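Summary of the model geometry
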Amino acid sequence: MNQVAEHEDTCVARVPIFKGLTPAQQQEVAGFARPVRAPKGTLLQAAGAEQRRLMVVHSGRIRLVHVLENGREQVMRVADEGDAVGETSFLLGRRPEHFAYADADVTLCTFDHADLARLVATYPPIAVRMLQVATERLLSAERMLAAFASTDAGTRVAAYLLDQPTTLADGTPVIRLPMAKKDVASYLGTTPETLSRRLAALAEEGIIAMSGRREVAILDADRLVERATP
């Protein structure tokens, strides 16, 4: 297998919307993938522009940004390796609402909407998984919206931590922040200084423990839930 084909197979295998397919089916899907490489800072998607491709992150990160009426940028999410960007445009036939930038040097697998439509017609589970992923994001957005109803930044920070995937380290749930703290602060509608103070306060209370720049251990989940309740 040549390097490009191997890249495409690996890219497809790690994407949630394709995980329900057999290895043979994933290999067929990989045949439609078109690799794209872009340096950090590249504009990959413009809000309101015609977007006819689904982008899957093979390596690097994509930062999705919404520009408010006052011109301020609001970070919506960061797409990591294996994440897809553009499912909503494909499913709804709408132009994207957010700008997407390469947050680091990125390698992408891209799928033309026309090719993706043919794949969905052949393998309906792809569309089901797309809807599941979109629904998971909607539920996450609803949880964060409930937290935003509170004016307390601490509530928003606690809710955000609870919404992140965890891994276990010696039986303790550990979160790795998916983006830099300045971007987390932007997402939460606060400042990096306020975010740092709220994290420090949670650590002082023994609810969390910080390790490095991005790792957060959840020491007392029940009390974190209390802090996340508006």
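Look up a bit, the structure's there.
Read on for a plain summary of the structure. In this convention, every chain numbers its residues from 1, walking through the sequence in written order. Totals for whole chains, interfaces and linings use every residue, but because this is a predicted model, local features are given only for residues with pLDDT of at least 70 and side-chain atom pairs only at 80 or more, for both listing and counting. With hydrogens and water stripped out, all remaining heavy atoms of the structure feed into the side-chain values.

**Looking at the overall build of the chain**
Under the DSSP-based scheme used, a helix requires at least four consecutive residues in state H or I and a strand at least two consecutive residues in state E, with every element numbered from the N terminus. The helix and strand inventory of the chain stands at 9 helices and 12 strands. Computation of the radius of gyration draws on C-alpha atoms, with the globule rule given as 2.2 Å multiplied by the number of residues to the power 0.38. In summary, the chain has a C-alpha radius of gyration of 19 Å against a globular reference of 17 Å for 230 residues, a match within 12%. Split into buried and exposed, the 230 residues of the chain put 43% on the buried side. In what follows, residue pairs with any heavy atoms lying within 4.5 Å of each other are defined as contacts. Across the chain, every contact between residues at least 6 apart in sequence was considered, and the portion connecting residues at least 24 apart equals 67%. Here the open area of atoms and residues is found with the Shrake-Rupley method and a 1.4 Å probe, where only the protein chains shown may cover a residue. By element, 52% of the accessible surface of the chain is carried by carbon and sulfur atoms, the whole surface being about 12000 Å². Here the positive residues are Lys and Arg and the negative ones are Asp and Glu; neither His nor the chain ends is included. We put the charge of a Lys on NZ, of an Arg on CZ, of an Asp on CG and of a Glu on CD. Taken as two groups, the 27 positive and 29 negative side-chain charges of the chain have centres that lie 4 Å from each other. Exposed residues in this analysis have more than 50% of their type's maximum accessible area, buried residues have under 20%, and partly exposed residues fall in between, with area computed by a 1.4 Å probe over protein chains only.

**What about the sheet that holds strand 11 (residues 208-211)?**
Only when DSSP finds a minimum of two bridges between them are two strands counted as paired. Read from one edge of the open sheet, 4 strands run 9-10-12-11, paired in antiparallel fashion. The two strands at the open ends of the sheet, each matched to only one other strand, are strand 9 (166-169) and strand 11. Adjacent strand axes in the sheet meet at a mean angle of 35° when their direction is disregarded. Of the pairings in the sheet, the one linking strand 9 to strand 10 (residues 172-176) comprises 4 bridges and is antiparallel in character. When the sheet's bridge partners are listed, Leu 168 is paired in strand 10 with Pro 173. Axes here refer to lines fitted to C-alpha atoms; in helices the fit is confined to the stretch in contact. Angles between the N-to-C directions go from 0 to 180 degrees.

**Observations concerning the sheet that holds strand 7 (residues 99-102)**
Pairing is antiparallel across the open sheet formed by 4 strands, whose spatial order is 2-7-4-5. In the strand order of this sheet, the two ends are held by strand 2 (43-45) and strand 5 (73-79), each with one partner. In this sheet, neighbouring strand axes are inclined to one another by 35° on average, regardless of whether the strands run parallel or antiparallel. Across 2 bridges, the pairing between strand 2 and strand 7 is antiparallel. Each residue of the ladder has a partner; that of Leu 43, found in strand 7, is Tyr 101.

**Structural notes on the nonpolar core**
For our purposes a nonpolar core is just a set of buried Ala, Val, Leu, Ile, Met, Phe, Trp, Tyr and Cys residues, chained together by side-chain atoms within 4.5 Å. Within the largest apolar cluster, 23 residues are counted, with the highest numbers of intra-cluster contacts made by Leu 161 and Ile 208. Mapped onto this core, the elements with two or more residues apiece are strand 5, helix 6 (153-162), helix 7 (181-187), helix 8 (192-204), strand 12 (215-218) and helix 9 (221-228). If we ignore the near neighbours within four places in the chain, the residues touching Ile 208 are Leu 161, Leu 199, Leu 202, Ala 203, Val 216, Ala 217, Ile 218 and Leu 219. Membership of the second largest hydrophobic core comes to 22 residues, among which are Ala 30, Cys 109, Tyr 123 and Met 130.

**Some details on the packing of helix 6 against helix 9**
It is the contact of helix 6 with helix 9, at a shortest axis distance of 7 Å, that shows an interaxial angle of 130°. Taken as axis vectors, helix 6 and helix 9 run oblique relative to one another. Both helix 6 and helix 9 take part in a crossing whose hand is left-handed. Touching Gly 154, Thr 155, Ala 158, Ala 159, Leu 161 and Leu 162 of helix 6 are Leu 224, Val 225, Arg 227 and Ala 228, all from helix 9. With respect to orientation, any angle under 35 degrees is reported as roughly parallel, any angle over 145 as roughly antiparallel, any angle of 65 to 115 as roughly perpendicular, and every other angle as oblique. Handedness of a crossing is defined here by the sense of rotation of the near helix relative to the far one, left-handed for an anticlockwise turn of less than a right angle and right-handed for a clockwise turn.

**Notes on the pattern of salt bridges**
Note on definitions: salt bridges are taken to be side-chain nitrogens of Lys or Arg within 4 Å of carboxyl oxygens of Asp or Glu. All told, the structure shown has 9 salt bridges when counted by the stated rule. Put simply, Arg 34 and Asp 115 hold a salt bridge, and the shortest N to O gap is 3.7 Å. With Arg 34 in strand 1 (residues 34-38) and Asp 115 in helix 4 (residues 113-122), this residue pair connects regions lying 81 residues apart in the sequence. Judged by relative accessible area, which is 44%, Arg 34 ranks as partly exposed. For Arg 61, the salt bridge goes to Asp 103, with nearest N and O atoms at 3.3 Å. Linking Arg 61 in the loop between strand 3 (53-59) and strand 4 (62-67) with Asp 103 in the loop between strand 7 and strand 8 (106-112), this pair joins segments that are 42 residues apart in sequence. Bridged by salt links that share partners, the residues Arg 34, Asp 112, Asp 115 and Arg 118 form one connected network.

**Details of the pairing of strand 5**
In terms of burial, strand 5 is largely enclosed, as 5 of its 7 residues are buried. Note that strand 4 and strand 5 share 6 bridges and pair antiparallel. Residue pairing across strands places His 66 opposite Gln 74, the latter belonging to strand 5.

**A short note on the pairing of strand 10**
Linking strand 9 back to strand 10 in an antiparallel pair, the connection comprises 2 residues, with Asp 170 at a positive phi of about 55°. Note: strand 10 against strand 12, 3 bridges, orientation antiparallel. Paired with Arg 176 across the two strands is Glu 215, which belongs to strand 12.

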